[in-house]
Amino acid sequence: MNARSARPARRNVVVLFVDLVGSTELAERLDPELLRQVLDRYYSACTAGVLEHGGVVEKYIGDAIMAVFGVPVSREDDALRAIRAAHSALAAVHTLGAELAPTHGIHLDAHCGIASGEAMVVDMPGSGLRVIGDTVNTAARLQGAAKSGEILLGDDAARLARSHIRVEEVPPLSLKGKAKPVRAWRLLSLEATDQHQDDDVPLIGRSDELAQLAHAYQRVVRDRQCGLVTLLGEPGIGKSRLVREFLRTLPEHATVLAGQCPSYGAGATFRPIAEALQSLRGSWTGVAAQLDAMSLRALQGLTAPGDGPSTELHVEETARSIRSLIEVLGQQSPTVVVLDNLHWAEPTLLELIEDTTAWLADVSVLFICVARPELLDIRPNWGGGMSCAFTVEVPRLGQEQMTCLVAELAASRSADAEVVAQSADTAYLSVVRGSDGNPLFAELMFEVMVEEGADAPPPPTIQALLAARLDRLGDAEREVLERAATIGQTFTTEELAVLWSGDDVADLAIDVPMRQLLRQRLIRRGSYPSSFQFAQTLARETVYTMTRKELRGAWHLQLADWLAGQAHTGQRDPDEIETGQPRHGEIAHHLEAACRITHEIHPGDPDLPSLTVRAARALISDGGQALYRKDLSAAIALLERGRELLPRGDSGHRRLALHICDAAFAHSDRDRTYAALDIAEELLPGDRRCALTCAIQRDILAIRFGTGRPALASLRNVLAEYPDDDLSWCRFHQLDAMVLLAQDQIGAAAIALREALGRSRSLGDRYEEDRLLGGLCELAQWSPMPVREGLELCASLLARFAGDRAILVPVLVTQARLLGLTGDIPGAREVLDTAERYATDLHLGLASIAVTQVRGLVESLAGQHAVAATLFERAAAMSRSAGQPAPARALDCYALRELLRHGDVRAAADGLERLDADGRSPLRGELLTTVLRALVTSASGHHIEAVALATRTAERLRSTDDLCLRGDVLIDVANVYHAAGRTVDATDAAIEAKRCYTAKGADLLSGRARAWLATFGEETGE
Ligand SMILES: Nc1ncnc2c1ncn2[C@@H]1O[C@H](COP(=O)(O)OP(=O)(O)OP(=O)(O)O)[C@@H](O)[C@H]1O
Ligand SMILES: [Mg+2]
């Protein structure tokens, strides 16, 4: 037994319970002495069955026997072994019963339960083996539920052995002590259901490997020599499949002998050869005639029923007979001998193969040896030194090939309507990614996905395969892997050393096992110095789950502390890019993991509350950074995970709710925005400040979603009681700004935002501060702030936000608009291109609307009115689909105005009619609609009506301080007056427009107003 087993370990095990039926009756009928004899025979028959299949008897409980498979090392076929052991135990009980029946008139039977899953295994020398966990209870309960003579399997156990047995599902069992009904299967027989009779999915890729095999075959035939090709590759990579495909390409006259090495079993040495002989059946007589008597006898002994060759023949004799047979075959026709799963071969068979290849001459024989890489552990020089031998490594399939494979898997199941219904691309993609280029993993994951949905955990079959592989490692390798898995998919030797803290020889301790792990291809070198990666994602997951939580918890905490120390001393930038590994969130991740594990295994730990708060804060801080970067889905996930850990009653819930709300709003997730506020109030019951902040934020949402008007006055009254509540005040001023904005009081809105900015600075909240600065900057487009000042503000913010593309977008948009107003149209377009690129790259939906809108404004300034109209229409549609109808309506008006400027009066008039049906609109929309109507009416010659509309608009204009809007509307008004022959009024309006433009510093527009006056204006002495 491996030394590793001396320490407690978390393992995947298969537990078997066998119990005698009717033992009370037995005790009644039999004399105690005879009873003891009977029971002894029952125990030893069952124990022998368990041992033969590689299990360990954990204990005897009354007449029941509990056996465990998968200790001290797991094997991929542990479930099958347990099932076979149960089967043989039942057979032994039946035999015993048959013997006793005539003499004692008793009926003897047993029933069995088998479950597979995680358990803690403790094996202290002297005190025996102990297996603890739910798997044990499940197996015992299954056994209790099994009828006489029955073997009941749990779901995982049945799945693990499915291709080798026949089972039928029984109705889910409600087992004592189990919350949910347990799925169970009844064993029907031990018949293999050969999966490979026909490969449903066509072979993907592998042309190089097939060509190499074909080449080897041609050489063997051409040169009449013996060749040996070894195919090496990890489990499930497609070695056996490759060989099957190759055999199909062989000419008819070629002889094929194919056999597999079993993973265990007495006398298994020559079993693959015995199996191969079966394939000769038809031509056996002809071959036999050419063999000497001794060989014939030996070969017949191999194929005789029973476990192995006839015992009286020496191994050497058997080996010789096999060599003779192959020689005879090779002389007749080209012969291909396939030996699969050679990593399980007995040394004698390996020697036989090496001998035979070296010894055969003047015959065309090709040996194809198929094995997993561990063959090289047993035989480091396998195939070496032979002139006609070479090795082909079967690599993983590439991403494209895997995509193809998954598509084929889906197609092969397409008759199944449910599968088609589930064919969500993301689910398929997760199979492509999760299977790491391994076709078997893809098949198994696909199956589970089809049966249990996309979120199903990795199939137990894969875990068993990987666990078996990992269990063959030595202690040192395992120690490295367990730590590495805790660090993550990618890890460095430096991080590993941290987890050996206090151990001076860490470097030395890591070095040797690391080399071994690389050699076994369990890990590979990473993309930067001293970094490594797990070769398979699933392998990391398996190692991680098999590592004791006690250790994982401590290591996660150690890593968090170390990373925090590194970031603190500046030795390691938390955003380090050159390492190729995003360091963001690692501290929080490790703290969160440590916290969850401690919660599971030491819920009473006195340090748990402080650890929980620390983890929550780290998550919230990372979430805040993600929000700042506008990485919205990450922000939501992190903040909500932080919320889960942050204790009820912690005042941090208030600000957290606002951040979740902002992230959800920007992500167009309306339900989540409101839920965030409701949850905060639940977690801070009776907290009036929280209630107040939430009320303000709900009003902000109402404006944003266009669902209501806030009652500012009453909020302000309540707030007066909390003059120092910076957070509530900060949001209140923002709300105020939004209300003013809706009334086109841009200057006043800017003042409110400045108040909010002051509060955010007192809060020390950089997220809020930058957000407000961005908002203020955007307002510079519409507010009375002169263009030059606005451009200076943009320049300062571009410097402040440098490199932060997400928050740069609104600044760029503003800069573009302001540049356009100065007349620098090319400059404006260039800046917009940059903004658009950022918004697209970062999937910033709302920012894209702003970019499109300002593009429209700039194209309008450039005189490209048709283009501008299309851009405004697009922006309006985007705004509507983002659930923001109010700005959409203003955008519709802009679009119509561009149509009119383009000369398309008809389209503008039609559009206006549709707009009017929409009901009331905010001031900007109202002003634009009325002036448009005046223009359309004027164009149709109804000047009196047009002038009335224009005059009404001019009066309403005083309510807005958007100087460009005023200027634009006044020029339209001037045109209406001019068309009606009211030149003086027209001139006055144009002069006023020019004044507005000049005050804003919009040189392009003031120049145009001047030109208008020069052409149409009345001399006024201006
Ligand atoms: N290139 C491929 N195209 C399509 N399917 C494949 C391909 N390679 C393998 N498969 C499928 O993946 C599954 C696993 O392949 P296979 O049994 O050949 O793996 P293996 O390398 O022999 O594994 P093991 O070491 O466990 O014997 C099979 O169902 C096989 O049909
Ligand atoms: Mg295989």
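Residues numbered from 1 in each chain as written. Chains lettered and ligands numbered in written order. Predicted model: local features only at pLDDT ≥ 70, side-chain atom pairs only at ≥ 80, totals over all residues. Heavy atoms only, no water.

**Q** Sorry, what's going on with the pairing of strand 16 (residues 531–534) here?
**A** On a regular strand, each side chain points to the face opposite its neighbour's, so the side chains alternate between the two faces of the sheet. Alignment of strand 14 (residues 490–492) against strand 16, held across three bridges, turns out to be antiparallel. Across the sheet, residue Thr490 finds its bridge partner in strand 16, namely Gln533. When strand 15 (residues 523–525) meets strand 16, the two strands line up antiparallel, connected through three bridges. Bridge pairing in strand 16 links Arg525 to Phe532. (Pairing = 2+ DSSP bridges. Helix = DSSP H or I, 4+ residues; strand = E, 2+ residues; numbered from the N terminus.)

**Q** When you look at the side chain of Thr814 in this model, what are you seeing that I'm missing?
**A** By the secondary structure assignment, Thr814 is in helix 35 (residues 805–822). Owing to a relative accessible area of 0%, Thr814 belongs among the buried residues under this scheme. Residues within four places of Thr814 in sequence aside, it is in contact with Cys777, Glu778, Ala780, Gln781 and Cys794. (Buried < 20%, exposed > 50% of the residue type's maximum accessible area, 1.4 Å probe, protein only. Contact = heavy atoms within 4.5 Å.)

**Q** I tried to follow helix 3 (residues 78–104) on my own but got confused; where do I start?
**A** Owing to its 3.6 residues per turn, the α-helix aligns residues three or four sequence positions apart on the same side. Taking 1.5 Å of rise per residue, the 27 residues of helix 3 would be expected to cover 39 Å, and the 37 Å separating its terminal C-alpha atoms lies within 8% of that figure. Two residues or fewer past helix 3, Gly105 is found with a positive phi of approximately 60°. (Expected span 1.5 Å × (residues − 1).)

**Q** So what exactly am I meant to see when it comes to the packing of aromatic side chains here?
**A** To describe a pair of aromatic rings, one takes the distance between the centres and the angle between the planes. Evaluated as defined, the whole model comprises ten aromatic pairs. Centroid distance Tyr43 to Tyr60: 5.1 Å. Interplanar angle 65°. Geometry classified as edge-to-face. With Tyr43 in helix 2 (residues 32–52) and Tyr60 in strand 2 (residues 56–61), the pair connects residues that are 17 residues apart, well separated along the chain. By way of ring pairs, the aromatic residues Tyr42, Tyr43 and Tyr60 are connected into one cluster. Positioned over the ring face of Tyr544 is Arg552, at 4.3 Å from the centre of the ring. (Phe/Tyr/Trp six-rings, centres within 6.5 Å; stacked < 30°, edge-to-face > 60°. Lys NZ or Arg CZ within 6 Å of the ring centre and 35° of its normal.)

**Q** Explain the site of ligand 1 here, please?
**A** For ligand 1, the set of nearby residues contains 20 residues, the closest of which are Gly236, Lys239, Ser240, Arg372 and Glu443. A distance of 2.8 Å is found between a nitrogen atom of ligand 1 and a backbone nitrogen or oxygen belonging to Ile204. Interatomic distance of 2.8 Å between a side-chain N/O atom of Arg372 and an oxygen atom of ligand 1. A total of 630 Å² of accessible area belongs to ligand 1 in isolation, and the protein chains cover 92% of it. Contributions of two or more residues to the shell around ligand 1 are made by helix 7 (239–248) and helix 17 (439–452). It is helix 7 that contributes the most residues to the shell around ligand 1, four residues altogether. For the shell around ligand 1, the residue count by class is eight nonpolar, four polar and eight charged. (Near = heavy atom within 4 Å. Polar contact = N/O pair within 3.5 Å; in protein donor to acceptor, adjacent residues only side chain to side chain. Areas by Shrake-Rupley, 256 points an atom, 1.4 Å probe, with all protein chains shown as cover. Nonpolar A, V, L, I, M, F, W, Y, C, P; charged D, E, K, R; others polar.)

**Q** How should the sheet that holds strand 11 (residues 335–340) be read in this particular structure?
**A** Strand pairing in a sheet relies on backbone hydrogen bonds, with the paired strands running either antiparallel or parallel. The strand order across the open sheet formed by five strands is 10-11-12-9-13, and the pairing between neighbours is parallel. Of all strands in the sheet, those bounded by a partner on one side alone are strand 10 (255–260) and strand 13 (389–393). Neighbour-to-neighbour, the strand axes of the sheet open up by a mean angle of 15°, direction not taken into account. The sheet contact formed by strand 9 (residues 226–232) and strand 13 spans five bridges and is parallel. (Axes fitted to C-alpha atoms, helices over the stretch in contact; angles between N-to-C directions.)

**Q** What is the right way to look at the nonpolar core in this model?
**A** Inside soluble globular proteins, nonpolar side chains tend to come together where they are buried. In terms of nonpolar packing, the biggest core is built from 140 residues, with Phe801, Val809 and Leu821 touching the most fellow members. The greatest single-element share of this core, amounting to eleven residues, is contributed by helix 35. Each residue touching Leu821, except ones within four places of it in the same chain, is listed here: Val787, Leu861, Cys964, Ala1002, Asp1003, Leu1004 and Leu1005. Formed by 42 residues, the second largest nonpolar core is a distinct cluster that contains Leu26, Leu80, Ala86 and Ala157. (Core = buried A, V, L, I, M, F, W, Y, C linked by side-chain atoms within 4.5 Å.)

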